[in-house]
Structure formats: structure tokens, C-alpha cells
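Read off the chains here:
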Amino acid sequence: MAARSEWHYIALGKPTQNGFIESFKGRMRDELINETLFFTISQARSTLAR
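Residues numbered from 1 in each chain as written. Predicted model: local features only at pLDDT ≥ 70, side-chain atom pairs only at ≥ 80, totals over all residues. Heavy atoms only, no water.

This part covers the side chain of Thr 47. Positionally, Thr 47 belongs in helix 2 (residues 41–49). Given a relative accessible area of 19%, Thr 47 falls into the buried group. Among the polar contacts made by the side chain of Thr 47, one reaches the main-chain carbonyl oxygen of Gln 43 at a distance of 2.8 Å. Ignoring any residue separated from it by four or fewer positions in sequence, one finds Thr 47 in contact with Leu 32 and Phe 38. (Helix = DSSP H or I, 4+ residues; strand = E, 2+ residues; numbered from the N terminus. Buried < 20%, exposed > 50% of the residue type's maximum accessible area, 1.4 Å probe, protein only. Polar contact = N/O pair within 3.5 Å; in protein donor to acceptor, adjacent residues only side chain to side chain. Contact = heavy atoms within 4.5 Å.)

Bringing the environment of Leu 32 into the picture now. Of note, Leu 32 is situated in helix 1 (residues 19–33). Between the C-alpha atoms of Leu 32 and Ala 44, which are twelve residues apart in sequence, the distance is 9.9 Å. Apart from residues no more than four positions distant in its own chain, Leu 32 is found in contact with Arg 27, Thr 47 and Leu 48.

And the structure:
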């Protein structure tokens, strides 16, 4: 029998409840998004996927 787990959502306006994800988003923004000029949405998606 599989173990069950409950979902615990992050409250709106409380990003400090998941510091790992917020840290990742900050690094992604600083190292890729703010440093790259994307000309299309598809270019941004393919770059982010890599």
C-alpha cells in the first residue's frame, strides 16, 4: 500500500515559506533572465529548458 502525504500550499504573500525555491528563482533571474535578451517567447522557453 502506498504512503499518503498531504499537500501544504505556500500562503499568498509568504515566499519565505519556501526559501529553496525563492533562492533558485533569484539565481535564475540574475544569471539568465536579466543577462539575456530574448526576441521571442519560444526562444526564451528553449533557452530555459536547456
